[in-house]
Structure formats: structure tokens, C-alpha cells
Amino acid sequence: MNIMTLGGWMMWPLLVVSILALAVIVERFLLYAACPLPDDALRREMLKASGSGDLGVVAARMGGVPLLRPFAALLAGACLQRDAALRLAGEQILEQLERRLGLLAAIARLAPLMGLLGTVSGMITIFSRLAHAAGGVDLSMLADGIWQALLNTASGLSIAIFVQFSLAFFHGRLKNVAAMLDAAERAGVTPVTGVHWGHGIGVASQEAPWIAPGDATGLKEGMVLVLNPHVQGPGGTILYSRDTVLLDFNGCKILGWYKDWREPYVASDSYYSGGG
């Protein structure tokens, strides 16, 4: 308490800020500690799932972490809107992990400024007293007042350094979890070979050029194409999209897209071009 008294009035707001930062850091650390994934074993399992499409082991590992259970349940299931549901579940998990990190960032920025304000305020008080002191300047009183005022700056910087270190740790863990969720989402979806991934639109709804290995037909400006990728999801479910594009000088222009799995939108049946 002697330091608090010597440092002046700003030491008390700094004490409040430090207690708040410590409480948030402890709470966030406990949350991140409860989510030990990803680890090397899970990364190996996701690598295997990328080739086989079997996410059972990955989903089981994630299901053992309470924070990841909603995502794991969707990962193990099969539904038409699986990608959208997984994306939403992943965003909710990341939102929980990011909660109150903004408050820590604000404390890390404000603590040094609060300390500097306390120091400037203390210096003003010191020089005001010296200006009205009788018998000239007392250097020992001046030095004593300066080091007391600098306690504010040192305290603010100490708080900021500790909070910044904690933020770096939390952001690193957050980045790892986000990468894990993204990799898990993509691991169970594999391209379907043996079918073309797109076609042109002309007199017929489907005609050359075929976007497929081995097709030598060149793409030209003015062509209307349908990009039609097929992927295999969990349980062997085949999912595909139909996006219509017009080739122009600058690249391509999107004419239509597969808007919503609940309302199938067949682009090739909706647009017509008189040329090939």
C-alpha cells in the first residue's frame, strides 16, 4: 500500500485495471485449457480422413471436448446443408474463444497511457510546489517527487506487457483452433472423379467445351459456361453446385449461382445463348 500512496491517485485506477485484466486472463486460460486440440494425433487422423472421407475418429476426438461437441455432431452426420451448418458451428466456437479478448487489447493500449497521465499529473504537482517553495529549489525533493511520479508509468507498462503476452498466447491458440475447424470441415469432402466439372451452353443446355481432363476445346470470350463440380460428403452423399459464368475480356462474370440447397437452382436451365 505504500507504493500505492507514493504513486498518487492514478495508481488506484491502474490497480483496478490490473485486477480486471488478471480476472479475464485467468477465465480465458481455463477455457483454452479445456480445449487441448489440435494435437499431432488429431492432425494425423485428419490427414487420413482427407483421403478416405471417414471422419468418425476425428469427430469422436472432437466430441470429447465440450466446446467442440456441436461441431463434432455435425461432422459425424450427413445433411444437405452440412457445409453451412459446420461453418455456423465453427463461427460460434471461435466467437466463444474470442470473447473478451477485445477487452484485453483495450487494457493493453490504455494502461501505458494511464500510467503516463499519472506521471504527468505528478510532475505538474511537483513543479507547482517547487515554484511556491521558499529558499530555492530542493534537489532532493525534486528527485524524490520524480521517481514517485514515474511509478505510474512503470505500473502502466508492466500491466500492458503482461496483457500483450497473454493476448499473443490466446491469439495463437485461436488461430490453431480455427485452422483445425477449417481442415476438419474440408477433410470429409472429396472430389468425384470420372465426371466433367462444367460445360458450355449453346443450342443445347449442355454442350462443349467440357471442363474435364483430356478435353482440348478452347475457351473463348463470349462463351457461357456452367461450373458443375461434384464432391462426395460423409456417408457417400454426392453434393454438387451449378454456377453460370460469362467469359469476357476481364475474366468472367457470374450470371447465376446455386443459391440455397433448400431451393435448388439449376443455372443451365435458366440461361440460353445462341452461340457455342
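Everything numeric in this text was worked out from a predicted model, so none of it was measured.

### Some details on the nonpolar core
Nonpolar side chains in soluble globular proteins generally cluster together in the buried interior.
Now for step 1: Ranked by internal contacts, the top residues of the largest apolar core, which has 45 residues, are Met 62, Leu 68, Phe 71, Leu 75, Leu 104, Val 163 and Met 180.
Now for step 2: Looking at this core element by element, the count peaks at 11 residues for helix H8 (residues 139-187).

### What about the packing of helix H4 (residues 56-63) against helix H5 (residues 69-76)?
Now for step 1: Closest axis-to-axis distance for the H4/H5 pair is 8 Å, and the angle between their directions is 165°. The angle between H4 and H5 places the two elements in the roughly antiparallel class. Helix-helix and strand crossings are classified by hand; for H4 and H5 the assignment is left-handed. Along its contact with H4, which presents Val 58, Ala 59, Met 62 and Gly 63, the element H5 presents Arg 69, Phe 71, Ala 72, Leu 75 and Ala 76.
Now for step 2: Here the contact of H4 with H5 is built from residues that sort into seven nonpolar, one polar and one charged.

### Notes on the pairing of strand E3 (residues 224-227)
Now for step 1: As judged from the three bridges shared by strand E2 (residues 198-200) and E3, these two strands associate in the antiparallel manner. Within E3, the position partnered with Gly 198 by the bridge is Leu 227.

### Points about a nonpolar patch on the surface
Now for step 1: The grouping of Leu 22, Val 26, Phe 29, Leu 30, Phe 162 and Phe 169 at the surface amounts to a nonpolar patch, some 570 Å² of accessible area in total.
Now for step 2: Sorting the residues of the nonpolar patch by element identifies helix H2 (11-33) and H8 as the ones contributing at least two each.
Now for step 3: For the nonpolar patch, the leading source of residues is H2, giving four residues.
Now for step 4: One can find Phe 169 in helix H8.

### Looking at the pattern of salt bridges
Now for step 1: Taken as a whole and assessed by the stated rule, the structure comprises four salt bridges.
Now for step 2: The closest approach of N and O atoms between Asp 40 and Arg 43, which form a salt bridge, is 3.3 Å. With Asp 40 and Arg 43 both in helix H3 (residues 40-52) and three residues apart, the pair spans about one turn of that helix.
Now for step 3: Salt bridges linked by common partners bring Glu 27, Arg 28 and Arg 100 together as one network.

### Focus: the side chain of Arg 173
Now for step 1: With respect to the helices and strands, Arg 173 occurs in helix H8.
Now for step 2: Although Arg 173 lies buried, it forms no salt bridge, and the closest oppositely charged side chain, Asp 39, sits 9.6 Å away as judged by the N-O distance.
Now for step 3: Among the polar contacts listed, one links the side chain of Arg 173 to the backbone oxygen of Leu 37, at a separation of 3.5 Å.
Now for step 4: Those residues in contact with Arg 173 that sit more than four places away from it in its chain are Tyr 32, Cys 35, Pro 36, Leu 37 and Pro 38.

### What to know about the packing of aromatic side chains
Now for step 1: Considering all chains together, one arrives at three aromatic pairs under this definition.
Now for step 2: Ring geometry for Phe 29 and Phe 169: centres 6.2 Å apart, planes at 35°, overall tilted. Residue Phe 29 is found in helix H2, and its partner Phe 169 is found in helix H8; the two are separated by 140 residues along the sequence.
Now for step 3: Here Phe 169 falls in the partly exposed class, since its relative accessible area comes to 37%.

### Focus on H5
The periodicity of an α-helix, 3.6 residues per turn, causes residues three or four positions apart to be oriented the same way.
Now for step 1: Those residues of H5 that fall on the buried side of the exposure criterion are Phe 71, Ala 72 and Leu 75. Within H5, the buried residues cover an arc of 100° as seen down the axis, which keeps them to one side.

### So, the environment of Leu 68
Now for step 1: Inspection of the secondary structure puts Leu 68 in the loop between H4 and H5.
Now for step 2: The spacing of Leu 68 and Ile 93 is 25 residues in sequence and 7.1 Å in space, taken between C-alpha atoms.
Now for step 3: The residues contacting Leu 68, other than those within four sequence positions of it, are Cys 35, Leu 37, Met 62, Ile 93, Met 180 and Leu 181.

### Here's the deal with the side chain of Thr 119
Now for step 1: Locating Thr 119 in the fold gives a position in helix H7 (residues 101-131).
Now for step 2: Setting aside residues no more than four positions away along its own chain, Thr 119 makes contact with Ala 149, Leu 150, Asn 152 and Thr 153.

### Overview of the environment of Trp 147
Now for step 1: Within the secondary structure layout, Trp 147 lies in helix H8.
Now for step 2: Between the C-alpha atom of Trp 147 and that of Thr 119, which follows or precedes it by 28 residues, the distance is 9.2 Å.

### Some points on unusual backbone geometry
Now for step 1: Cis geometry is found at the peptide bond from Leu 37 to Pro 38, where omega equals 0°.
Now for step 2: If you trace the backbone, Pro 38 turns up in the loop between H2 and H3.
Now for step 3: Positive phi outside glycine occurs at Arg 100, with the angle close to 70°.
Now for step 4: On the secondary structure map, Arg 100 appears in the loop between helix H6 (82-98) and H7.
Now for step 5: Judged by relative accessible area, Arg 100 falls into the partly exposed class, the value being 36%.

The rules behind these values
- Residues numbered from 1 in each chain as written.
- Predicted model: local features only at pLDDT ≥ 70, side-chain atom pairs only at ≥ 80, totals over all residues.
- Heavy atoms only, no water.
- Core = buried A, V, L, I, M, F, W, Y, C linked by side-chain atoms within 4.5 Å.
- Buried < 20%, exposed > 50% of the residue type's maximum accessible area, 1.4 Å probe, protein only.
- Helix = DSSP H or I, 4+ residues; strand = E, 2+ residues; numbered from the N terminus.
- Axes fitted to C-alpha atoms, helices over the stretch in contact; angles between N-to-C directions.
- Parallel < 35°, antiparallel > 145°, perpendicular 65-115°, else oblique.
- Left-handed = near helix turned anticlockwise from the far one by under 90°.
- Contact = heavy atoms within 4.5 Å.
- Nonpolar A, V, L, I, M, F, W, Y, C, P; charged D, E, K, R; others polar.
- Pairing = 2+ DSSP bridges.
- Patch = residues over 30% accessible without salt bridge, like charges linked within 9 Å, V, L, I, M, F, W, Y side chains within 5 Å.
- Areas by Shrake-Rupley, 256 points an atom, 1.4 Å probe, with all protein chains shown as cover.
- Salt bridge = Lys/Arg side-chain N within 4 Å of Asp/Glu carboxyl O.
- Lys, Arg positive; Asp, Glu negative; His and termini not counted.
- Polar contact = N/O pair within 3.5 Å; in protein donor to acceptor, adjacent residues only side chain to side chain.
- Phe/Tyr/Trp six-rings, centres within 6.5 Å; stacked < 30°, edge-to-face > 60°.
- Arc of directions from axis to C-beta.

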